[in-house]
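Coordinates in review
Okay, here's what each chain looks like letter by letter:
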Amino acid sequence: MKWALFTFMFGTLISCGREKKETNFTVLQDNSSIPLTLYSLQNTSNLKMTVTNFGGRIVSLWVPDKDGKLDDIVLGYDSLEEYLLDNSYFGSLIGRYANRVAKGKFLLEGKEFQLPVNNGVNTLHGGPKGFHNVFWEAKTVSTETGSRLELNYLSKDGEAGFPGNLSVKVVYTLTDLNELVIDYEAITDQITIVNLTDHSYFNLNGEGRGDILNHQLMLNANLYCPIDDTSIPTGEFRPVIGTPFDFLKPHSIDEFIDQLDPQLKIGKGYDHNWVLNKDSNELSLAARVSESASGRVMELWTTDIGVQFYSGNFLDGSNKGKVGKPYNFRSAICLETQHFPDTPNKEHFPPVVLRPGEIYKKSTVYKFSIIK
Ligand code: GLA
């Protein structure tokens, strides 16, 4: 990695809520000299989060339980050095293309592009220099509806193998309705492909507190995308009815996760894209997760068309998270809203092409509440 690491320099901690506290995050600079900082946001109902502009990563998210006790419900690390070594995408923004592109190849207007491969034979999450691994310009804003962090990044023509200068803006807002809203926008100066998401790992009982197998999950999807043995969609949209992929009615994640099913075998559990039930690009309910001990409920709303539900099957305890806690097998759930994996190579999937003059826009909302 090319970044210069200046340990023990002070971090400019910008607080958008009321809190201002010390951090052991060090300050890094990349070639663009953007300083690295930990930002904190807070709403009036006690939701709090910290975000670093390295990868736009959500470092912590404190949410009240049924007794009003706050717990940090996302996996992450205590220091920037650990994020530099991370290969799990904890809390990251993901781009230019979320999820997989088969063999890292795609054709755009007759021209072939080759992305660096980083996941077996495929490219995952924009490759090694995806948006999770770059420095974002950041500024905080307090508004009437909550506190907000704006992140901007210019992905240059050819960077990570993608064509076109892509200018990306992502805004995190904590609203007073206990929502975390993530708004995305991007424009390009050449035809390109775009599929952005966020990659937070949630454990509604608190990060580092056991697995997520007893979490109840509802996914608002009649169809999902089966995958080949390199996790690339086969192109089929398969009905979930009568399969372990049916989450139309909420049930616990472990109900079918260990069934002998060829698709579950490939993913070592759930690591698939569901086709959301919707007929417009309006914000709609994609998923609901709840956990009975804490009483926490998280709803996921999105304007996007798919969601990758990943049940933390590649976590194996070797990542030592915050306060040195091992993050074990299936100790978190990811719900990554997105267009379907490998769309650039699937003519019948809704397109991910962005042209000059068009604006890529998307929103995702996590709404927190308590089981009634
Ligand atoms: C995504 C992928 C998974 C895995 C995780 C990160 O969810 O679909 O296969 O790579 O990211 O470990």
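Residues numbered from 1 in each chain as written. Predicted model: local features only at pLDDT ≥ 70, side-chain atom pairs only at ≥ 80, totals over all residues. Heavy atoms only, no water.

1. Side note on the overall build of the protein chain
From N to C terminus, the protein chain includes 2 helices and 29 strands. Over its C-alpha trace the protein chain gives a radius of gyration of 19 Å, about what one expects of a compact globule, namely 21 Å for 372 residues. For the protein chain, buried positions account for 59% of its 372 residues. In the protein chain, of all internal contacts separated by at least 6 residues, the share reaching a separation of at least 24 is 67%. Total accessible area on the protein chain stands at roughly 15,300 Å², and carbon and sulfur atoms take up 54% of it. Distance between charge centres in the protein chain, computed from 36 positive and 45 negative side chains, equals 2 Å. (Helix = DSSP H or I, 4+ residues; strand = E, 2+ residues; numbered from the N terminus. Rg over C-alpha atoms; globule rule 2.2 N^0.38 Å. Buried < 20%, exposed > 50% of the residue type's maximum accessible area, 1.4 Å probe, protein only. Contact = heavy atoms within 4.5 Å. Areas by Shrake-Rupley, 256 points an atom, 1.4 Å probe, with all protein chains shown as cover. Lys, Arg positive; Asp, Glu negative; His and termini not counted. Charge placed at Lys NZ, Arg CZ, Asp CG, Glu CD.)

2. Points about the sheet that holds strand E24 (residues 284-290)
The strands that make up a sheet pair up through hydrogen bonds in the backbone, lying either parallel or antiparallel. Read from one edge to the other, the open sheet built from 9 strands follows the order E13-E14-E15-E16-E29-E25-E24-E19-E22, with strand pairing classed as antiparallel. Of all strands in the sheet, those bounded by a partner on one side alone are strand E13 (137-143) and strand E22 (251-252). When strand E16 (residues 179-188) meets strand E29 (residues 360-370), the two strands line up antiparallel, connected through 8 bridges. Paired with Leu 180 across the bridge in E29 is Tyr 366. (Pairing = 2+ DSSP bridges.)

3. Structural notes on the nonpolar core
Counting 58 residues, the largest nonpolar core has Leu 61, Tyr 172, Leu 180, Trp 274, Phe 309, Leu 335 and Phe 368 as its most contacted members. No other element matches strand E15 (residues 166-175), which puts 5 residues into this core. Leaving out residues up to four positions away in the same chain, Trp 274 has contacts with Leu 219, Ala 221, Leu 223, Tyr 224, Val 240, Phe 245, Phe 247, Ile 305, Gly 306, Val 307, Phe 309 and Phe 340. Tyr 83, Leu 84, Tyr 327 and Cys 334 belong to the second-largest nonpolar core, a separate cluster that totals 18 residues. (Core = buried A, V, L, I, M, F, W, Y, C linked by side-chain atoms within 4.5 Å.)

4. Brief notes about the environment of Asn 119
Structurally, Asn 119 is set in the loop between strand E11 (111-114) and strand E12 (123-124). In this structure, the C-alpha to C-alpha distance between Asn 119 and Arg 100, residues 19 residues apart in sequence, is 8.3 Å. Within the structure, the side chain of Asn 119 is placed 2.9 Å from the side chain of Arg 100, a separation counted as a polar contact. (Polar contact = N/O pair within 3.5 Å; in protein donor to acceptor, adjacent residues only side chain to side chain.)

5. Here's the deal with the site of the ligand
Residues in contact with the ligand, as listed here, are Tyr 89, Arg 100, Leu 124, His 125, His 199, Tyr 201, Asp 271, Gln 308, Tyr 310, Phe 314 and Glu 336. Take Asp 271: an N or O atom from its side chain is 2.3 Å from an oxygen atom of the ligand. Burial of the ligand by the surrounding chains reaches 95%, relative to a free accessible area of 300 Å². Taken together, the residues that form the shell around the ligand break down as 5 nonpolar, 3 polar and 3 charged. (Near = heavy atom within 4 Å. Nonpolar A, V, L, I, M, F, W, Y, C, P; charged D, E, K, R; others polar.)

6. Examining the sheet that holds strand E23 (residues 271-275)
The 5 strands lie next to each other as E21-E20-E23-E26-E27, forming an open sheet whose pairing is antiparallel. Among the strands making up the open sheet, the edge pair consists of strand E21 (238-239) and strand E27 (334-338).

7. Comments concerning the pattern of salt bridges
Evaluation of the coordinates by the stated rule reveals 16 salt bridges. Between Arg 238 and Glu 236 there is a salt bridge, with its nearest N and O atoms 2.9 Å apart. Residue classification places Arg 238 among the partly exposed residues on the basis of a relative accessible area of 29%. Accessibility expressed as a relative area gives 33% for Glu 236, which makes it partly exposed. (Salt bridge = Lys/Arg side-chain N within 4 Å of Asp/Glu carboxyl O.)

8. Details of the packing of aromatic side chains
The tally for this structure, following the rule as stated, stands at 26 aromatic pairs. When the centroid spacing of 5.5 Å and the interplanar angle of 45° are considered together, the rings of Trp 136 and Tyr 153 count as tilted. Pair noted here: Trp 136 is in the loop between E12 and E13 and Tyr 153 is in strand E14 (residues 146-155), with a separation of 17 residues, a long-range link. The residues Trp 136 and Tyr 153 share a single accessibility class, namely buried. Taking 5.0 Å as the distance between ring centres and 50° as the angle between the ring planes, the aromatic pair formed by Phe 202 and Tyr 366 counts as tilted. Linking Phe 202 in the loop between strand E18 (197-199) and strand E19 (216-219) with Tyr 366 in strand E29, this pair joins segments that are 164 residues apart in sequence. In this structure, Phe 202 and Tyr 366 share a single accessibility class: buried. Members of the aromatic cluster, connected to one another through ring pairs, are Tyr 77, Tyr 83, Phe 90, Tyr 201, Tyr 310, Phe 314 and Tyr 327. Cation over ring: Lys 362 sits above Tyr 184, and NZ or CZ is 5.3 Å from the ring centre. The ring of Trp 301 is capped by Lys 367, whose NZ or CZ atom sits 4.4 Å from the centre of that ring. (Phe/Tyr/Trp six-rings, centres within 6.5 Å; stacked < 30°, edge-to-face > 60°. Lys NZ or Arg CZ within 6 Å of the ring centre and 35° of its normal.)

9. A look at the pairing of E29
On a regular strand, one side chain projects to one face of the sheet and the next to the other, so that they alternate. Pairing analysis gives 7 bridges linking strand E25 (residues 296-302) to E29, with the strands arranged antiparallel. Bridge assignment links Thr 302 to a residue of E29, and that residue is Thr 364.

Function-wise, these values are silent; they only describe arrangement.
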